[in-house]
Amino acid sequence: MAFELPDLPYAHDALADLGMSKETLEYHHDIHHKAYVDNGNKLIEGTEWAGKSLEDIVKGTYDAGAVAQSGIFNNASQHWNHMQFWEMMGPGGAAMPSELEKAIVDSFGSVDEFKSQFAAAGAGQFGSGWCWLVKDADGGLKVTKTENGVNPLCFGQTALLGCDVWEHSYYIDFRNKRPAYLTNFLEKLVNWENVASRM
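Residues numbered from 1 in each chain as written. Predicted model: local features only at pLDDT ≥ 70, side-chain atom pairs only at ≥ 80, totals over all residues. Heavy atoms only, no water.

Colleague: Now, about the overall build of the chain: what can you tell me, with residues and values included?
Modeller: Along its length, the chain carries eight helices and three strands. By the compact-globule yardstick of 16 Å for 199 residues, the chain fits well, its C-alpha radius of gyration being 16 Å. Viewed in the frame of its principal axes, the chain has a C-alpha envelope of about 50 × 40 × 30 Å. The buried share of the chain, taken over its 199 residues, is 47%. Excluding contacts between residues fewer than 6 apart, the proportion of contacts in the chain whose partners are at least 24 apart in sequence is 67%. Summed over its atoms, the accessible surface of the chain is roughly 9300 Å², and 49% of this surface lies on carbon and sulfur atoms. Charged side chains in the chain number 15 positive and 27 negative. The centres of these two groups are separated by 3 Å. (Helix = DSSP H or I, 4+ residues; strand = E, 2+ residues; numbered from the N terminus. Rg over C-alpha atoms; globule rule 2.2 N^0.38 Å. Buried < 20%, exposed > 50% of the residue type's maximum accessible area, 1.4 Å probe, protein only. Contact = heavy atoms within 4.5 Å. Areas by Shrake-Rupley, 256 points an atom, 1.4 Å probe, with all protein chains shown as cover. Lys, Arg positive; Asp, Glu negative; His and termini not counted. Charge placed at Lys NZ, Arg CZ, Asp CG, Glu CD.)

See below:
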């Protein structure tokens, strides 16, 4: 199945007042994400992966023992990651649904402690990567971080919330201030209803 670049679920300027500019979304979605789609399609053409679902490609090409992942994995996983990322944000400013808040408090003690751990994971990810709130196989929630394009699918986890900490995600708006970007993401950009729907 060919990869396709999804439209953003909001206008390019819809998050500008919340700390993610139109310019960032034009570069990040229209150029970076599109490159993963285009490169991924070229790489899977004529291979065993050409007819597979995106999730099957990510899980099937991930190599836990590799120092560097394959081109197919890198482009497929980053395509999947970004499709989730756009949906996990929004201009609505919705409050955290009570069922999500309860699950977070049960797992972390408080929403503030969850946010602290999430921001620390993102700030502490050396180089490029992602930080995540995941639901583990046992149903518990935890914060993780992954290098480059690796994501929770690789570990049998459900991604509830992910934040891209590659520089192209924040450099236009925050320059080298990754911690400020992460705080802004958690306080202003997350679509908590979308996060809750993933549980």
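Colleague: Quick one: what's the story with the nonpolar core, residue by residue and with numbers?
Modeller: In this structure, Phe114, Phe118, Leu133, Leu161 and Phe185 are the most contacted members of the largest nonpolar core, which totals 59 residues. Among the elements that line this core, the one with the most residues is helix α3 (residues 71-88), at seven residues. (Core = buried A, V, L, I, M, F, W, Y, C linked by side-chain atoms within 4.5 Å.)

Colleague: Got a sec to walk through the pattern of salt bridges? Specific residues and values, please.
Modeller: Counted according to the given criterion, the structure contains four salt bridges. Residue Lys34 is joined to Asp38 by a salt bridge in which the shortest nitrogen-to-oxygen separation is 2.7 Å. In this pair, Lys34 and Asp38 both sit in helix α1 (residues 22-44), four residues apart, roughly one turn of the helix. We classify Asp38 as partly exposed; its relative accessible area is 31%. Among the ionic pairs, Asp136 bridges to Lys142, the shortest N-O distance being 3.2 Å. Lys142 sits in the partly exposed class, given a relative accessible area of 34%. (Salt bridge = Lys/Arg side-chain N within 4 Å of Asp/Glu carboxyl O.)

Colleague: Describe α1, naming the residues involved and giving the relevant values.
Modeller: In this model α1 runs 32 Å from its N-terminal to its C-terminal C-alpha over 23 residues, within 8% of the 33 Å that 1.5 Å per residue would give. The axis of α1 is deflected most strongly, by about 30°, at Lys34. Here the buried face of α1 lies against α2 (54-61), α3, β3 (158-164) and α6 (171-174). A positive backbone phi angle near 80° is found at Gly46, which sits one or two residues after α1. (Expected span 1.5 Å × (residues − 1). Bend = angle between axes of the 7 residues up to and from the residue.)

Colleague: Quick one: what's the story with α3, residue by residue and with numbers?
Modeller: Helix length check: α3 (18 residues) gives 26 Å between terminal C-alpha atoms against 26 Å at 1.5 Å per residue, within 8%. With 14 of 18 residues buried, α3 lies mostly within the body of the structure.

Colleague: If you had to explain the environment of Ser21 to someone new, which residues and values would you point to?
Modeller: Assignment of secondary structure puts Ser21 in the segment before α1. Between the C-alpha atoms of Ser21 and Lys115, which are 94 residues apart in sequence, the distance is 23 Å. Among the polar contacts listed, one links the side chain of Ser21 to the backbone nitrogen of Thr24, at a separation of 3.1 Å. At a separation of 2.7 Å, a polar atom in the side chain of Ser21 contacts the side chain of Asp173. (Polar contact = N/O pair within 3.5 Å; in protein donor to acceptor, adjacent residues only side chain to side chain.)

Colleague: How would you explain the pairing of strand β2 (residues 141-147) if you had to name every residue and give the values?
Modeller: Taken together, the seven bridges between strand β1 (residues 129-135) and β2 define a ladder with antiparallel strand orientation. From the neighbouring strand, Cys131 faces β2, where its bridge partner is Lys145. Hairpin connection, β1 to β2: the antiparallel pair is bridged by five residues, and Gly139 has positive phi, about 90°. (Pairing = 2+ DSSP bridges.)

Colleague: For unusual backbone geometry, give the residues involved together with the corresponding values.
Modeller: With glycine set apart, most residues show a phi of negative sign, and most peptide bonds adopt trans. Located in the positive-phi region is Asn148, a residue other than glycine, with phi close to 50°. Take Asn148: its relative accessible area is 39%, and that puts it in the partly exposed class. Phi is positive for Arg175, which is not a glycine, with a value near 50°. Classification of Arg175 as partly exposed rests on a relative accessible area of 46%.

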